[in-house]
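Fold and contact review
Residue-level listing of the chains:
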Amino acid sequence: MKILIICEKCGHFVELVPVTKGQHVHLNVNDERFRISEIELDYDYSVDEIEEVTAEVKEIRFDCKSCGDYIVLNEFPRHVYR
Ligand SMILES: [Zn+2]
């Protein structure tokens, strides 16, 4: 499986293709076409031990460097590592 990011304004696109056995995709495609940013982290502070604090990415933003259009992914239905 792969993720295809397409800017509908200017037509730039990038394919995010897994490069590891665990099907992980590196989000370091900060090249001339797109910038990918984690824009909000949510911490769970309602725990007794610091080891139990969990951080969760709430939003990921994709910016087209060519024309400035962007899209934000949010409201992920669940945390995959729970
Ligand atoms: Zn664009």
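Please refer to the structure placed before this passage.
Fair warning: this is a prediction, and the values are worked out from it, not measured in the lab.

Side note on the overall build of the chain
In terms of regular secondary structure, the chain is built from 0 helices and 5 strands. N-terminal to C-terminal, the α/β element order of the chain is β-β-β-β-β. At 16 Å, the chain has a C-alpha radius of gyration far larger than the 12 Å of a compact globule built from 82 residues. Scored against the burial criterion, the 82 residues of the chain give a buried share of 4%. Residue pairs in contact within the chain that sit at least 24 positions apart in sequence constitute 32% of those at least 6 positions apart.

Structural notes on the pairing of strand β3 (residues 34-44)
By the criterion of burial, β3 is predominantly exposed, with just 1 of the 11 residues buried. Of the strand pairs in this sheet, β3 and strand β4 (residues 54-64) are connected by 10 bridges, and their pairing is antiparallel. Each residue of the ladder has a partner; that of Ser37, found in β4, is Arg61.

What about the pairing of strand β5 (residues 70-74)?
Taken together, the 5 bridges between β4 and β5 define a ladder with antiparallel strand orientation. Across the sheet, residue Phe62 finds its bridge partner in β5, namely Ile71. Between the antiparallel neighbours β4 and β5 lie 5 residues, among them Gly68 with a positive phi of about 90°.

Reading the values: the criteria
- Residues numbered from 1 in each chain as written.
- Predicted model: local features only at pLDDT ≥ 70, side-chain atom pairs only at ≥ 80, totals over all residues.
- Helix = DSSP H or I, 4+ residues; strand = E, 2+ residues; numbered from the N terminus.
- Rg over C-alpha atoms; globule rule 2.2 N^0.38 Å.
- Buried ≥ 20, exposed ≤ 12 C-beta atoms within 10 Å, placed from the backbone.
- Contact = placed C-beta atoms within 7 Å.
- Pairing = 2+ DSSP bridges.

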